[in-house]
Amino acid sequence: MGLKQADITAILGPVDETLMAELLATGATAGELAEAIAWVNNDEALIGEGRHLPAGRVAALIDILTPDNEEERNLGL
């Protein structure tokens, strides 16, 4: 079953409408969103555990959740 707005808010907290729409459009599940967040926050540890690199909807979520440019990274976004 796909993500619902309540799932996203429960996992990420309040997000803007654009991010909400992008996440909902992936058709991902709450579990996939949680996995994507784990990869975004700690990819080295997951690789160290021998996990395969994410693919499919998890990879799409990571792309959405990862800052696009160096300026956003420096601002901590």
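Residues numbered from 1 in each chain as written. Predicted model: local features only at pLDDT ≥ 70, side-chain atom pairs only at ≥ 80, totals over all residues. Heavy atoms only, no water.

Draft legend 1. Structural context of the nonpolar core. Core analysis: the biggest nonpolar cluster contains 13 residues, and I8, L23, L33 and L61 have the highest contact counts within it. Of all the secondary structure elements, the ones that give two or more residues to this core are α2 (17-25), α3 (30-48) and α4 (56-65). Sorting elements by how many residues they give to this core places α3 first, with four residues. Setting aside chain neighbours within four positions, we find L61 in contact with L23, T26, A28, E32, L33 and A36. (Core = buried A, V, L, I, M, F, W, Y, C linked by side-chain atoms within 4.5 Å. Buried < 20%, exposed > 50% of the residue type's maximum accessible area, 1.4 Å probe, protein only. Helix = DSSP H or I, 4+ residues; strand = E, 2+ residues; numbered from the N terminus. Contact = heavy atoms within 4.5 Å.)

Draft legend 2. Up close: the pattern of salt bridges. Evaluation of the coordinates by the stated rule reveals one salt bridge. We note a salt bridge from R57 to E32, for which the minimum N-O separation is 3.0 Å. With R57 in helix α4 and E32 in helix α3, this residue pair connects regions lying 25 residues apart in the sequence. (Salt bridge = Lys/Arg side-chain N within 4 Å of Asp/Glu carboxyl O.)

Draft legend 3. How the structure looks around the side chain of T26. By the secondary structure assignment, T26 is in the loop between α2 and α3. Within polar-contact distance, the side chain of T26 engages the backbone oxygen of L23 at 2.7 Å. Within the structure, the side chain of T26 is placed 3.2 Å from the backbone nitrogen of A28, a separation counted as a polar contact. (Polar contact = N/O pair within 3.5 Å; in protein donor to acceptor, adjacent residues only side chain to side chain.)

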